[in-house]
Amino acid sequence: MKKAFLLILSFSLTSCAEMQQVIAQLPQTTTTAVDISSGLKEALNNGISKQVSKLTATDGFYKNAAVKILLPAELQKVDSGLRKIGMSSLADEGLKMLNRAAENAVKEATPIFISAIKNMTITDARGILMGNEMAATSYLQNSTSSALYTKFNPVVKNSFSKVGADQVWSNIITKYNSIPLVTKVNPDLNDYVTKQAMSGVFKMIAVEEKEIRTNINARTSTLLQRVFAIQDKK
């Protein structure tokens, strides 16, 4: 009888251990999936509040080497041409105005990015969590760039007017085109600055995503700690 009891007890303990292993290997529950989605949205929102907001300050683009808007190839010859005839200060002001327009535009356009983050699905979140260090940023960029451009471009156009960039560049282009023997230019600066400003925003979101993924101390909430601990185990 004693042997039978020990046998039953041994079987029960073994069954409990096996059951725990099975439970540990079960697919994530809906609650966990929701947590993952919420955690990734929080990480991206942190990227906006901590990093993208820096771009809205004066010199947020202009003095940030990672996102500073430089002249496109077409305008580099304009810059060079003006400097050759002693108009370096005008060339410098033109470059600064491009960055000022972007700084002003991002300030008004940030809600667009926040809205885009809210559209992330639970299915998307599962794959993003286990992706590379820019998976969430890449998802946001790939899924929203077209719509963001449509909304962002008029904001940039308005920003050009607000910071006086349209007048500065009209003067620059007029001066350059009046130089004898040069090929006249008429660049679409709204398009260029829109794309560069968007690129800068995504770069700064990526900075925060990488920080949260690789630095445990950057996970400033219980949700972020719990969700990204799953990623750490991959």
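Sequence order as written defines the numbering, with residues in each chain counted from 1. The model is predicted, so local features are restricted to residues of pLDDT at least 70 and side-chain atom pairs to those at 80 or more, both for listing and for counting; the totals for chains, interfaces and linings are taken over all residues. Heavy atoms throughout the structure, all of them, feed into the side-chain values; hydrogens and water do not.

### A few points about the overall build of the chain
- Of the regular secondary structure elements, the chain holds nine helices and zero strands.
- Out of the 234 residues belonging to the chain, those deemed buried represent 44%.
- Within the chain, contacts between residues separated by at least 24 positions form 83% of all contacts whose residues are at least 6 apart in sequence.
- Of the roughly 13000 Å² of accessible surface on the chain, a fraction of 57% belongs to carbon and sulfur atoms. Each helix is a run of DSSP H or I of at least 4 residues and each strand a run of E of at least 2, with the numbering of both proceeding from the N terminus. Categorising residues by exposure relies on relative accessible area from a 1.4 Å probe, with only protein chains included: less than 20% of the type maximum marks a residue as buried, more than 50% marks it as exposed, and the intermediate range marks it as partly exposed. Whether two residues are in contact is decided by their heavy atoms, any of which lying within 4.5 Å being enough. Values of accessible area rely on a 1.4 Å probe in the Shrake-Rupley scheme; residue burial ignores everything except the protein chains shown.

### Observations regarding the nonpolar core
- Nonpolar cores are built from buried Ala, Val, Leu, Ile, Met, Phe, Trp, Tyr and Cys residues. Side-chain atoms within 4.5 Å join them into one set. Phe 152, Trp 169 and Val 193 are the most contacted members of the largest nonpolar core, which has 65 residues in total.
- Broken down by secondary-structure element, the contributors of at least two residues to this core are helix H2 (30-55), helix H3 (73-84), helix H4 (88-118), helix H5 (122-129), helix H6 (135-163), helix H7 (165-177), helix H8 (189-214) and helix H9 (222-232).
- No other element matches the 14 residues that H4 contributes to this core.
- Excluding residues that lie within four positions of it along the chain, Trp 169 makes contacts with Leu 71, Leu 75, Gly 94, Leu 95, Met 97, Leu 98 and Leu 189.

### Brief notes about the layout of surface pockets
- Its volume calculated, the largest pocket comes out at about 220 Å³.
- Around the largest pocket, the lining residues are Lys 157, Phe 160, Asp 166, Trp 169, Ser 170, Ile 173, Asn 186, Pro 187, Asp 188, Leu 189 and Asn 190.
- For the lining of the largest pocket, the secondary structure elements donating two or more residues are H6, H7 and H8.
- Residues are grouped as follows: Ala, Val, Leu, Ile, Met, Phe, Trp, Tyr, Cys and Pro are nonpolar; Asp, Glu, Lys and Arg are charged; all remaining types, including Gly, are polar. In the lining of the largest pocket, the residues fall into five nonpolar, three polar and three charged. Any residue with an atom within 4 Å of a point lines the site, the site being either a cavity, points on a 1 Å grid over the protein atoms alone where a 1.4 Å probe fits but cannot get out, or a pocket, an open set with protein on both sides within 12 Å along at least 5 of 7 lines. Grid points are joined across faces, edges and corners, and a volume is the space filled by probe spheres set on the points.

### Here we look at unusual backbone geometry
- In the Ramachandran plot, Asp 59 falls in the positive-phi region, its phi being about 70° despite a non-glycine side chain.
- Position of Asp 59 relative to the elements: it lies in the loop between H2 and H3.
- At Leu 181, a residue that is not glycine, the phi angle is positive and equals roughly 75°.

### A word on the packing of H4 against H8
- Where H4 contacts H8, the two axes come as close as 9 Å, and the packing angle between them is 60°. The orientation of H4 with respect to H8, classified from their angle, is oblique. Crossing angle aside, the handedness with which H4 passes H8 is right-handed. Of the residues in H8, those in contact with Leu 98, Ala 101, Ala 102, Val 106 and Phe 113 of H4 are Leu 189, Val 193, Ala 197, Val 201 and Phe 202.
- Tallied by class, residues from the contact of H4 with H8 come to ten nonpolar, no polar and no charged. Fitted lines through C-alpha atoms give the axes, limited to the stretch in contact for helices. The angle between two N-to-C directions lies from 0 to 180 degrees. Orientation is classified from the angle alone, with under 35 degrees giving roughly parallel, over 145 giving roughly antiparallel, 65 to 115 giving roughly perpendicular, and any other angle giving oblique. Each crossing gets its handedness from the near helix: less than a right angle anticlockwise from the far helix is left-handed, clockwise is right-handed.

### Observations concerning H4
- A rise of 1.5 Å per residue sets the reference length of H4, with its 31 residues, at 45 Å; its end C-alpha atoms lie 45 Å apart and thus fit the reference within 8%.
- What is called the bend at a residue is the angle between a pair of axes, fitted to the seven residues leading up to and ending at it and to the seven starting from it. Bending of H4 peaks at approximately 50° at the position of Glu 108, with proline Pro 111 no more than four residues after it. Expected span of a helix, by definition, is 1.5 Å for each gap between consecutive residues, and there is one gap fewer than residues.

### Observations concerning the environment of Asn 190
- Checked against the element boundaries, Asn 190 lands in helix H8.
- Leave out the neighbours within four places in its chain, and Asn 190 touches Asn 153, Val 156, Lys 157 and Phe 160.

### Examining the environment of Val 155
- Mapping Val 155 onto the fold places it in helix H6.
- Using a relative accessible area of 13% as the deciding quantity, one classes Val 155 as buried.
- C-alpha separation for the pair Val 155 and Val 106, spaced 49 residues apart in sequence, amounts to 8.5 Å.
- Residues within four places of Val 155 in sequence aside, it is in contact with Ala 105 and Glu 108.

### Let's talk about the pattern of salt bridges
- Whenever Lys or Arg places a side-chain nitrogen within 4 Å of a carboxyl oxygen from Asp or Glu, that contact is recorded as a salt bridge. Applying the stated criterion to the full structure yields twelve salt bridges.
- Across the pair Arg 100 and Glu 103 runs a salt bridge whose closest N-O atoms are separated by 3.2 Å. Of the two residues, Arg 100 and Glu 103 are both situated in helix H4; the distance of three residues between them amounts to about one turn of the helix. Each member of the pair, Arg 100 as well as Glu 103, is classed as buried.
- Connected through shared salt-bridge partners, Asp 59, Lys 63, Arg 100 and Glu 103 make up one network.

### Structural notes on the packing of H4 against H6
- At their nearest, the axes of H4 and H6 sit 8 Å apart, and the two run at 140° to each other. Compared by their axis directions, H4 and H6 come out oblique. In the packing of H4 onto H6, the handedness of the crossing is right-handed.
- Residue composition of the contact of H4 with H6, grouped by class: 17 nonpolar, three polar and four charged.

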